[in-house]
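Descriptive structure summary
What follows is each chain in one-letter form.
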Amino acid sequence: MTPALPADRRIGFPPVVDAATRLLILGSLPGDASLKAAQYYAHPRNAFWPLIGGVLGEDLTVLPYEQRIDRLKARGVGLWDVIASAERSGSLDAAIRSPEAADLRSLIDGLPALRAVAFNGKLAAKLGRRIIGDVNGVRLIDLPSSSPAHAVGMTIKASSWNSLTDIVST
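Quantities reported herein were computed from a predicted structural model and do not represent experimental measurements.

Each helix and strand in the protein was counted, giving 7 helices and 7 strands. Walking the protein from its N terminus toward its C terminus, one meets helices and strands in the order β-β-α-α-α-β-β-β-α-β-α-β-α-α. A compact globule built from 170 residues should have a C-alpha radius of gyration of about 15 Å, and the protein, at 15 Å, falls within 12% of that. Based on the C-alpha atoms only, the size of the protein along its principal axes is roughly 55 × 35 × 30 Å. Considering the protein as a whole, with its 170 residues, one finds that 43% of them fall into the buried category. Expressed as a percentage of contacts within the protein between residues at least 6 apart in sequence, the contacts between residues at least 24 apart total 65%. Summed over all atoms, the accessible surface of the protein reaches about 8,600 Å², with 55% contributed by carbon and sulfur. With 19 positive and 16 negative side-chain charges, the protein shows a spacing of 5 Å between the two charge centroids.

Structurally, Asp-166 can be placed in helix H7 (residues 165–168). Sequence-wise, Asp-166 and Ile-83 are 83 residues apart; in three dimensions their C-alpha atoms are separated by 27 Å. Each residue touching Asp-166, except ones within four places of it in the same chain, is listed here: Arg-115 and Arg-139. A polar contact is formed between the side chain of Asp-166 and the side chain of Arg-139, at a distance of 3.4 Å.

Below, the discussion takes up the pairing of strand S7 (residues 139–143). Inspection of the sheet shows strand S6 (residues 116–120) paired to S7 by 5 bridges, in the parallel sense. Paired with Val-117 across the bridge in S7 is Leu-140. With helix H5 (residues 122–132) bridging S6 and its parallel neighbour S7, the resulting β-α-β unit is right-handed.

Inspection of the entire model under this criterion finds 7 salt bridges. With a shortest N-O distance of 3.0 Å, Asp-32 and Arg-10 are connected by a salt bridge. Of this pair, Asp-32 sits in helix H1 (residues 32–37) while Arg-10 sits in strand S1 (residues 8–11); the two residues are 22 residues apart in sequence, bridging distant segments of the chain. According to the relative accessible area criterion, Arg-10 is buried, its value standing at 12%.

It is worth spelling out the packing of aromatic side chains at this point. By the definition in use, this model includes 6 aromatic pairs. Ring geometry for Trp-49 and Tyr-65: centres 6.2 Å apart, planes at 90 degrees, overall edge-to-face. A residue pair is termed long-range when its members are at least 10 positions apart, and Trp-49 in helix H2 (residues 48–56) and Tyr-65 in helix H3 (residues 65–74) qualify at 16 residues. Both residues of the pair, Trp-49 and Tyr-65, belong to the buried class.

Turning our attention to the pairing of strand S2 (residues 23–27). The element S2 is extensively covered by neighbouring structure, given that 5 of its 5 residues are classed as buried. Going residue by residue along S2, you find Leu-23, Ile-25 and Gly-27 tucked away on one face and Leu-24 and Leu-26 tucked away on the opposite face as well. Pairing analysis gives 5 bridges linking S2 to strand S3 (residues 77–81), with the strands arranged parallel. Looking at the pairing, Leu-26 lines up with Trp-80 of S3. Sheet topology note: the S2/S6 ladder contains 4 bridges and is parallel. Bridge pairing in S6 places Leu-24 opposite Val-117.

A few words on the side chain of Ser-85. Looking at where Ser-85 falls in the secondary structure, it is placed in strand S4 (residues 83–88). Within the local environment of Ser-85, its side chain forms a polar contact with the side chain of Arg-9, the two groups lying 3.0 Å apart.

Definitions and limits used
Note on numbering: residues in each chain are counted from 1, in written sequence order. The predicted origin of the model limits local features to residues at a pLDDT of at least 70 and limits the giving and counting of side-chain atom pairs to 80 or more, whereas totals for whole chains, interfaces and linings rest on all residues. Hydrogen atoms and water are omitted, and side-chain values are computed over all heavy atoms in the structure. Where helices and strands are cited, they refer to DSSP runs of H or I of at least four residues and of E of at least two residues respectively, numbered from the N terminus. Two things to know: the radius of gyration comes from C-alpha atoms, and the globule rule equals 2.2 Å times the number of residues to the power 0.38. Residue burial is assigned from relative accessible area. The probe radius is 1.4 Å, only protein chains are included, and a residue is buried under 20% of its type maximum, exposed over 50%, and partly exposed in between. In what follows, residue pairs with any heavy atoms lying within 4.5 Å of each other are defined as contacts. The Shrake-Rupley method, run with a 1.4 Å probe, gives the accessible areas here. Residue values count only the displayed protein chains as cover. Neither His nor the chain termini are counted; the positive set is Lys and Arg, and the negative set is Asp and Glu. Charge placement uses NZ in Lys and CZ in Arg. For Asp and Glu, CG and CD serve respectively. We call two N or O atoms a polar contact when they sit within 3.5 Å, provided that within protein one can donate a hydrogen and the other can accept it, with sequence-adjacent residues counted only if both atoms are side-chain atoms. For two strands to be treated as a pair, DSSP must find at least two bridges joining them. Looking down the strands as they point away from you, a crossover is right-handed if its path from the first strand over the helix to the second goes clockwise. What counts as a salt bridge is simple: a side-chain nitrogen of Lys or Arg found within 4 Å of a carboxyl oxygen of Asp or Glu. Each Phe, Tyr or Trp ring, with Trp reduced to its six-membered ring, pairs with another whose centre is within 6.5 Å; inter-plane angles below 30 degrees give stacked pairs, above 60 give edge-to-face pairs, and intermediate values give tilted ones.

In structure tokens, the structure reads:
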């Protein structure tokens, strides 16, 4: 049996938020394709951009990354991850070891317009809910992962993600 390769420490990105952020979407930790590109949800098979585009009623996939981020911020949507850094070989959440939690409470405390936090996947929800706890006036929403590793059809994912529409449309 071949020994497993040592896990490397992966460090996440800074949050994409501003004072107008009404919806904060939290993933677990960027995958290798995202880290290499220095872009959230850069893997071509990750469904994040089509899913959030459906919520916003805009095709974000045709835009360059910087414009995608600008459109999210213009609609009150922020991004970050529940894990600031962790050891991981590859991109799967199941391979995450020794996670260091992101300072979600401080971030949330600094977002005066925040109405909801949505967790992109089970690990993000599990860790994020533990870190955040209860926040007055902020809904916590669990979503199916946009990752291609989460083998649920796009229709099912979109049905859950579309529950975010009321948060970004007001």
